Amino acid sequence: MAETTWHILGAGSLGSLWATRLARAGQPATLILRDEARLSRYRACGALELVEPDGTSRWALPAETAAADTPIQRLVVACKAYDAEAAVASIAHRLAPGAALLLLQNGIGSQQAIAERWPQAHCIFVSSTEGAYLRGDYQVVHAGRGHNWLGTPASEAEPAWCTALSASAIPATWTGDILDRVWRKLALNCAINPLTVLHDCRNGLLRNHEGEVNALCAELADLLAATGHPAAAIGLRDDVWRVIEATANNYSSMHQDVARRRRTEIAFLLGQACRQADTHDLPVQRLRALHDRLRTHLRALGLPDD
Ligand code: NAD
Ligand code: KPL
């Protein structure tokens, strides 16, 4: 029987990183690009390029737009959180019953929106600590080793296809506590990313703002507990400082988005934290003040504040 094709929706940084490694392992993988113009550019390039510490390789994956009509059984949704739902809507008519949707988005909110809108799909949340960026059109740099945690909010059993990820050198573990992991990552991102934008600094320079970081960690830990994820709150402050030290020379993803004048995922990070705090009547004054400051800052730069 023919192997199931991995459709990759969005050939940006993470989508290209996944697609090239699947192709290298001999897995059938097809890119779904946003429009005909991008498809023509991709065809002119002829392949995706994967840049790794030990060399560069080219992978001539097939590509199409949402308008193609082949059914989709397994879809890696690799768009930004604010684009993910519309992107899935564009291919929804092609989803086979029970299709697996791997949702790679950062933060919280986009995954739930997709799972609610397409209940017939098997939505899998993925929390990724891998690092990738695009050096040019269709050229992805694998910049940081990390891990991918996969699971469903209902803690379902691991699907058989999951082993294909590790076999493709995509470090992946199926977990029963995916929501704890997604929330923990949101907390890390809320404690680090906005301050790096407001102080215009690399992660390591947050050492100069220790009190601010610690106060945010305390509110975030309360929020994790209030939303039913107390396990994600354990050791949060130490973990935030560990990540700051481990990534001291890096700019956070939000800082990079702002530097490139791209929309940030603020609504799915701080915005979501503040909305959840409202739901649980939790007075998170520092998170709210940070959210307001960041939105004001983004508006002043002429960037979307959501
Ligand atoms: P990216 O901007 O590099 O790529 C997103 C791609 O999706 C773009 O190529 C865009 O054109 C495409 N896209 C948008 N709408 C589309 C549509 N309707 N149809 C087809 N394609 C569409 O973003 P990224 O860095 O790869 O991030 C994707 C998600 O993964 C984000 O939520 C991010 O936070 C998360 N993430 C990224 C990294 C990383 O290192 N890049 C690490 C962990 C998590
Ligand atoms: O994930 C990150 C990001 O930059 O988005 C880290 C490195 C954890 C900083 O918050």
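Residues numbered from 1 in each chain as written. Chains lettered and ligands numbered in written order. Predicted model: local features only at pLDDT ≥ 70, side-chain atom pairs only at ≥ 80, totals over all residues. Heavy atoms only, no water.

A. Just the site of ligand 1, in detail. The local shell around ligand 1 holds 25 residues, among which Ser 13, Leu 14, Ala 132, Arg 262 and Glu 265 are the closest. Separating an oxygen atom of ligand 1 from a backbone N or O atom of Gly 12 is a distance of 3.4 Å. Contacts to ligand 1 include Leu 104, whose backbone N or O atom sits 3.4 Å from an oxygen atom. Contact with the protein chains hides 86% of the accessible area of ligand 1, taken as 820 Å² for the molecule alone. Looking at the shell around ligand 1, the elements that each hand over two or more residues are helix H1 (13-24), strand S2 (29-33), helix H3 (81-91) and strand S9 (131-136). Per-element tally for the shell around ligand 1: the top contributor is H3, with 3 residues. Class assignment for the residues of the shell around ligand 1 results in 11 nonpolar, 7 polar and 7 charged. (Near = heavy atom within 4 Å. Polar contact = N/O pair within 3.5 Å; in protein donor to acceptor, adjacent residues only side chain to side chain. Areas by Shrake-Rupley, 256 points an atom, 1.4 Å probe, with all protein chains shown as cover. Helix = DSSP H or I, 4+ residues; strand = E, 2+ residues; numbered from the N terminus. Nonpolar A, V, L, I, M, F, W, Y, C, P; charged D, E, K, R; others polar.)

B. Up close: the packing of aromatic side chains. Using the criterion set out here, one finds 2 aromatic pairs in the structure. Here the aromatic rings of Trp 6 and Trp 161 are separated by 5.8 Å at their centres, their planes lie at 90°, and the arrangement is edge-to-face. Here Trp 6, found in strand S1 (residues 6-9), pairs with Trp 161, found in the loop between strand S11 (148-151) and helix H5 (163-167); they are 155 residues apart in sequence, far enough to count as distant. Assessed through its relative accessible area of 14%, Trp 161 is described here as buried. Cation over ring: Arg 74 sits above Trp 6, and NZ or CZ is 4.7 Å from the ring centre. Lying over the aromatic face of Trp 149, Arg 181 brings its terminal NZ or CZ to 3.5 Å of the ring centre. (Phe/Tyr/Trp six-rings, centres within 6.5 Å; stacked < 30°, edge-to-face > 60°. Buried < 20%, exposed > 50% of the residue type's maximum accessible area, 1.4 Å probe, protein only. Lys NZ or Arg CZ within 6 Å of the ring centre and 35° of its normal.)

C. Molecular detail of the pattern of salt bridges. Taken as a whole and assessed by the stated rule, the structure comprises 18 salt bridges. A salt bridge links Arg 299 to Asp 305, with the shortest nitrogen-to-oxygen separation between them at 2.5 Å. On the accessibility criterion, Arg 299 (45% relative accessible area) is partly exposed. When salt bridges that share partners are traced, they join Arg 184, Asp 239 and Arg 242 into one network. (Salt bridge = Lys/Arg side-chain N within 4 Å of Asp/Glu carboxyl O.)

D. View of the packing of helix H7 (residues 210-226) against helix H9 (residues 236-246). Put simply, H7 and H9 touch, their axes get as near as 9 Å, and they point 130° apart. Taken together, the axes of H7 and H9 lie oblique to each other. In this structure, H7 meets H9 at a crossing whose hand is right-handed. Taken together, the residues of H9 that come into contact with H7 (itself represented by Glu 210, Val 213, Asn 214, Cys 217, Leu 220, Ala 221 and Leu 224) are Leu 236, Arg 237, Val 240, Trp 241 and Ile 244. (Axes fitted to C-alpha atoms, helices over the stretch in contact; angles between N-to-C directions. Parallel < 35°, antiparallel > 145°, perpendicular 65-115°, else oblique. Left-handed = near helix turned anticlockwise from the far one by under 90°. Contact = heavy atoms within 4.5 Å.)

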